[in-house]
Amino acid sequence: LTGRPGVFFTKFVMVCDKSGHKELWTTNFDGSSPKQLTDHRTLSFAPAWSPNNRKIAYSLYTKNRRNIKNIDLYELDINAGRSRMLSNHVGMNSGAVYAPDGRHIAVTMSFLKNPEIFLLDSESREATRLTKSFGVDVDPSFSPDGKRLAFVSSRSQQPMVYVANVDALKVDPTKATRI
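Remember, it's a predicted structure, so these values are computed and weren't measured experimentally. Sequence positions are assigned chain by chain, starting from 1 and proceeding in written order. Only residues with pLDDT of at least 70 are given local features in this predicted model, and only at 80 or more are side-chain atom pairs given and counted; all residues enter the totals for whole chains, interfaces and linings. Hydrogens and water are ignored here; the side-chain numbers use all heavy atoms of the structure.

Colleague: Please provide a residue-by-residue account of the nonpolar core, values included.
Modeller: Formed by 13 residues in total, the largest nonpolar core has its most connected members in I117, L130, F142, L149, F151 and V166. Within the residue set of this core, elements represented by two or more residues are β10 (116–121), β13 (148–153), β14 (160–165) and α1 (166–171). The residues contacting I117, other than those within four sequence positions of it, are A106, V107, T108, T128, R129, L130, T131, D137, V138, P140, L149 and F151. Remark: nonpolar core denotes a set of buried residues (Ala, Val, Leu, Ile, Met, Phe, Trp, Tyr, Cys) joined through side-chain atoms within 4.5 Å. Residue exposure (1.4 Å probe, protein chains only): buried if accessible area is under 20% of the type maximum, exposed if over 50%, otherwise partly exposed. Secondary structure counts use DSSP, requiring at least four H or I residues in a row for a helix and at least two E residues in a row for a strand, with both numbered from the N terminus. Pairs of residues are marked as contacts when any of their non-hydrogen atoms sit within 4.5 Å.

Dropping the structure here:
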């Protein structure tokens, strides 16, 4: 009727500790056919599907060579069954969401000390800062056309939703409107 696939052919991605570690799993819409996707043996969390449903971005608690904990951003290619690291800047690399183009990912990073939203190119791994405030900026979400970004910020002392044009944020990361 709508021209869009119905719920009966959908899959969920979730975090499950059935293996003893919090790993990524998929299941059909009704909970049938659960399948473990990752085996990092640490904490995987915050999964997000790519627009073509072939990849999943997610965060992972890791330790570097000096045994320092970090939250890194990974991408799982479902068909190949392989994960690759997208971002391991010091601090948080989490809360990822794909842009409709499937190549760019909005993600919260804290390597500049304050959690801000960056636009990450999944191929080049180049990060462009999109927000700049004294508050914490998290939970990005793209408009269907990818031109606008909504996110939560505490820049006004209370968590509020802000919206901005993505291209405008690339020029001036302070240009966002509270809704």
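Colleague: Can you break down the confidence of the model for the chain residue by residue, with the values?
Modeller: Chain-level statistics for the chain give a pLDDT mean of 92 and a share of 99% at 70 or above. The secondary structure element of the chain with the lowest average pLDDT is strand β15 (residues 177–178), at 88, and the one with the highest is strand β9 (residues 104–109), at 97. Known as pLDDT, the predictor's confidence for each residue is given on a scale from 0 to 100.

Colleague: Lay out the layout of surface pockets in plain terms, naming residues and giving numbers.
Modeller: To find leftover empty space, one rolls a probe the size of a water molecule over the atoms. As defined here, a cavity is a set of points on a 1 Å grid over the protein atoms alone where a 1.4 Å probe fits but cannot get out. A pocket is an open set with protein on both sides within 12 Å along at least five of seven lines, and residues line them when an atom is within 4 Å of a point. Grid points are joined across faces, edges and corners, and a volume is the space filled by probe spheres set on the points. Its boundaries defined by the atoms lining it, the largest pocket holds a volume of some 280 Å³. Element by element, the count of residues in the lining of the largest pocket is highest for strand β1 (residues 11–16), at three residues. In this count, Pro and Cys sit with the nonpolar residues alongside Ala, Val, Leu, Ile, Met, Phe, Trp and Tyr, while Asp, Glu, Lys and Arg are called charged and the others, Gly among them, polar. Considered class by class, the residues forming the lining of the largest pocket number six nonpolar, four polar and two charged. Quantified by volume, the second largest pocket comes out at close to 220 Å³. Lining of the second largest pocket is provided by T62, K63, N64, I68, K69, N70, D72, Y74, N88, V90 and G91. When contributions to the lining of the second largest pocket are tallied by element, the ones reaching two or more residues are β5 (55–63) and β6 (69–77). A per-element tally of the lining of the second largest pocket places β6 first, with four residues. The class makeup of the residues in the lining of the second largest pocket is three nonpolar, five polar and three charged.

Colleague: Before we move on, could you go through the sheet that holds strand β2 (residues 23–28) and cite the residues and values that matter?
Modeller: A pair of strands counts as paired when DSSP detects no fewer than two bridges linking them. Read from one edge to the other, the open sheet built from three strands follows the order β1-β2-β3, with strand pairing classed as antiparallel. Where the open sheet ends on each side, the last strands, each with one partner, are β1 and β3 (35–36).

Colleague: Can you lay out the environment of P144 for me, pointing to particular residues and giving the numbers?
Modeller: Among the secondary structure elements, P144 is positioned in the loop between β12 (137–142) and β13. Residues P144 and V171, spaced 27 residues apart in sequence, show a C-alpha to C-alpha distance of 22 Å.

Colleague: Outline the sheet that holds strand β8 (residues 93–98), supporting the account with residue identities and numerical values.
Modeller: With antiparallel pairing, the four strands of this open sheet are ordered in space as β8-β9-β10-β11. Lying at the two open borders of the sheet, with one neighbouring strand each, are β8 and β11 (127–129). Mean inter-strand twist for the sheet, computed between neighbouring axes without regard to direction, equals 30 degrees. Sheet analysis places β10 next to β11, joined by three bridges and oriented antiparallel. Directly across from L120, in β11, lies its bridge partner A127. Here an axis means a line fitted to C-alpha atoms, over the contact stretch when the element is a helix, while the angle between two N-to-C directions is reported on a 0 to 180 degree scale.

Colleague: Describe the packing of aromatic side chains, naming the residues involved and giving the relevant values.
Modeller: Note on aromatic contacts: the rings of Phe and Tyr and the six-membered ring of Trp form a pair at centre separations within 6.5 Å, being stacked when their planes are under 30 degrees apart, edge-to-face when over 60 apart, and tilted otherwise. For the coordinates displayed, the defined rule picks out five aromatic pairs. Measuring from ring centre to ring centre gives 5.3 Å for F8 and F29, while their planes differ by 85 degrees; the resulting arrangement is edge-to-face. Of the two residues, F8 is situated in the segment before β1 and F29 in the loop between β2 and β3; the sequence distance between them amounts to 21 residues. On the basis of relative accessible area, F8 is assigned to the exposed category, the value being 60%. According to the relative accessible area criterion, F29 is partly exposed, its value standing at 31%. Pairing F111 with F118 gives two aromatic rings, centres 5.2 Å apart and planes at 35 degrees, and the pair type is tilted.

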